[in-house]
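Structural features, examined
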Amino acid sequence: MNQEENISNGSELNIRLWQRFKAGDSEALGQLAQTHYRALYNYATKFSSDPDFIRDTIQELYLELWERRIFLSETAFVKSYLLKALRHKLIKESIRLKRFHEPQVATFDADLSDPSIETHIIEAEHIRFQNGHLKRIISLLSKRQQEIIYLRFYQNLDNEDIASVMGLGRQSVSNLLYRTLKEIKEIWAPAEFFWVLLVFLS
Amino acid sequence: MSLHRTFTVEELATDDTFRLWVINPTPEIDRHWQQWLQLNPDRAGVAARARELVLAVHDLYKDDLSDEILSQEIAEITRIAEERNIPFYQRAVWRAAAILLLTGGLSWFYYTTHNTITPAGKSTEITLESEMVTRTNQADVEITVLLSDNSVATLSKGSSIKYPRHFSASERRVYLTGEAFFDVAKNPNVPFLVYTNETVTKVLGTSFRIKAFDGDNTEMVAVKTGRVSVYPKKDYEMQHGNARLAGVILNPNQQVVFNRKDKKLEKAVAANTGILAESMLLKDQVFDDQPVTAAFDALGKAYGISIDYDSALLTNCMISAQFKDENLKQRLNAICQAIGAGYDMENGRVMISSKGCN
């Protein structure tokens, strides 16, 4: 009956941990909070640049779950549910503050637009450049497209979870994702040849 | 492994072990994927793209959360959860709350004979006198002061607060002499600053109590929950706008004492938790399926404030809630959330906005 390993992927919760949480064991809450804290923190940085505000908001989110624990089901601690609740909280707060922002993403890093000439392997150099190129392509996408790329390839959510987090229909998500990937492909010249070389050389 | 044969860029880029291989490989995973590449040379291009995609997205969106901060936050969540181990009523709207207390000694009566709240030497800070409002509480009971950013100050007797009728866009600054509890509306972009004689306390949105009467030997700041930064006023003003200030950051149940003689801040564990409430008086309220208008009226009466609402719109709105330790803002939030309404504070009044209930 050991399901300890399941806690990490969030698809299923450890039964004993869940029971302890329900019974009011605050250490169990700590363990549950630990599981997706990084994912939540990272997502929140796309909505706010204030680390105190982010930490307070995530803390509030978990404490609200704690206070409603009697009524909760296990799904409350599934990653996509937490991301959705956090997104809602962050946006609600922004509306309350009358400062609505679409998710903000990091601006393009200057160091990658300017690859070093001292890189010893020319292939690696090329990959860095390509990687920077792809980054630039992604950062030029619309906020909505970026969020979908982020949720799919950074948070590694499936289309259904993305739909739930962003409050969109499943079909819209798969259309938008398809369109976005197509856009990327059209302008992205990958460095596959060089990369393969590198793999076989290493 | 042959299962991977049909993998597309998207499938590879979202495969857990592939992602691990790209970002944080173990020898075992590395061997697995190197082998896979040799068995599937036709997928090398796809794998290369997937790798670039994973790396680009990772680079583009990574954050700087350290393990240290992470475990600190988890410990904090666990600790507060422990404190709140009694289940709260269903519609609880919890906000991070910080209680801050600046205590004084014996001289509150000094104040009663000196009714100005602007001590000498402070004049340079106050540039827009005409916009400032001063409220002084000479009654025996607390008074509730509503600020333009939806923050609430509960002023103790013999205390005075000075604040702008409308806060500026860059900061929310108030001056306090004596004692007050603040419940500050959260706005990370516009810090809320409380100036007393000797200290500046900076928050982004929490609740806290201040007690700083003129002539005292010490001031004290004590935090219940949330985060508060306290600076000696001199340091704050000298370094304002420069690099990060070396203030004292208080976490829940910590306090700091400012000694006016040696001008130093000393951090300690908070001793008295009885002061960590908005009101010294108990304001128990129970609304059992009552019209929300009655709840607003009762709330207005309990806090001595005006709450304006459209009674025609709210006729169908009913509310069930109990309040015990909640602040005014928590009560307003809970009631408004229950009926899908909002509120604003204008000219010292609470204005309820609602589309009505069905």
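Now for a description of the structure that goes with this document. Remember, predicted model here, so these are calculated numbers, not experimental data.

Tallying the contact residues gives 59 residues for chain B and 62 residues for chain A. Between chain B and chain A the total buried area reaches about 5,900 Å² when both faces are included, carbon and sulfur atoms providing 58% of it. Where Lys135(A) meets Asp59(B), a salt bridge forms, and the shortest distance between an N and an O atom there is 3.6 Å. For the pair chain B and chain A, the interface holds 14 residue pairs in polar contact (both at pLDDT 80 or more). Sorting the residues of the side of chain B that touches chain A by element identifies helix H1 (9-13), helix H2 (16-23), helix H3 (27-39), helix H4 (44-61) and helix H5 (67-83) of chain B as the ones contributing at least two each. When residues of the side of chain B that touches chain A are assigned to their parent elements, the largest contribution, 15 residues, is made by H4(B). Taken together, the residues of the side of chain B that touches chain A sort by class into 28 nonpolar, 12 polar and 19 charged.

A separate point is the sheet that holds strand E17 (residues 342-346) of chain B. Residue and element names in this part refer to chain B. Strand order across the open sheet formed by 3 strands is E15-E18-E17, with mixed pairing between neighbours. Looking along the sheet, the strands with just one partner apiece sit at the ends: strand E15 (306-308) and E17. Averaged over all pairs of adjacent strands, the angle between strand axes in this sheet comes to 25°, irrespective of strand direction. Of the strand pairs in this sheet, E15 and strand E18 (residues 349-353) are connected by 3 bridges, and their pairing is parallel. When the sheet's bridge partners are listed, Ile307 is paired in E18 with Val350. Against the sheet, helix H9 (residues 328-339) contacts E15, E17 and E18, and its axis sits at roughly 140° relative to E17.

A general trend in soluble globular proteins is that nonpolar side chains are found buried together. Of all hydrophobic cores here, the largest spans 78 residues; its most connected members are Tyr62(A), Phe77(A), Ile138(A) and Ile149(A). Top contributing element to this core by residue count: H4(B), with 10 residues. Excluding its chain neighbours within four sequence positions, the residues that come into contact with Ile149(A) are Ile138(A), Leu141(A), Tyr154(A), Leu177(A), Thr180(A), Leu181(A), Ile184(A) and Val57(B). Leu147(B), Phe192(B), Phe208(B) and Ile210(B) belong to the second largest nonpolar core, which has 29 residues in total.

According to the stated counting rule, one finds 18 salt bridges over all chains in the structure shown. As a salt-bridge pair, Arg38(A) and Asp67(B) come within 2.5 Å of each other at their nearest N and O atoms. A residue pair is termed interchain when its members come from two chains, as with Arg38(A) in helix H3 (residues 26-44) and Asp67(B) in helix H5. Under the relative-accessibility criterion, Asp67(B) is labelled exposed at 56%. Across the pair Arg170(A) and Glu160(A) runs a salt bridge, and its minimum N-O distance is 3.5 Å. Of the two residues, Arg170(A) sits in helix H10 (residues 170-187) while Glu160(A) sits in helix H9 (residues 159-166), which places them 10 residues apart along the sequence. On the accessibility criterion, Arg170(A) (53% relative accessible area) is exposed. Taking relative accessible area as the criterion, Glu160(A) reaches 47% and is therefore assigned partly exposed. Taken together, the salt bridges that share partners define one network made up of Glu60(A), Glu64(A), Lys89(A) and Lys186(B).

Conventions adopted
Residues numbered from 1 in each chain as written. Chains lettered and ligands numbered in written order. Predicted model: local features only at pLDDT ≥ 70, side-chain atom pairs only at ≥ 80, totals over all residues. Heavy atoms only, no water. Contact = heavy atoms within 4.5 Å. Buried area = accessible area lost by both parts, 1.4 Å probe. Salt bridge = Lys/Arg side-chain N within 4 Å of Asp/Glu carboxyl O. Polar contact = N/O pair within 3.5 Å; in protein donor to acceptor, adjacent residues only side chain to side chain. Helix = DSSP H or I, 4+ residues; strand = E, 2+ residues; numbered from the N terminus. Nonpolar A, V, L, I, M, F, W, Y, C, P; charged D, E, K, R; others polar. Pairing = 2+ DSSP bridges. Axes fitted to C-alpha atoms, helices over the stretch in contact; angles between N-to-C directions. Core = buried A, V, L, I, M, F, W, Y, C linked by side-chain atoms within 4.5 Å. Buried < 20%, exposed > 50% of the residue type's maximum accessible area, 1.4 Å probe, protein only.

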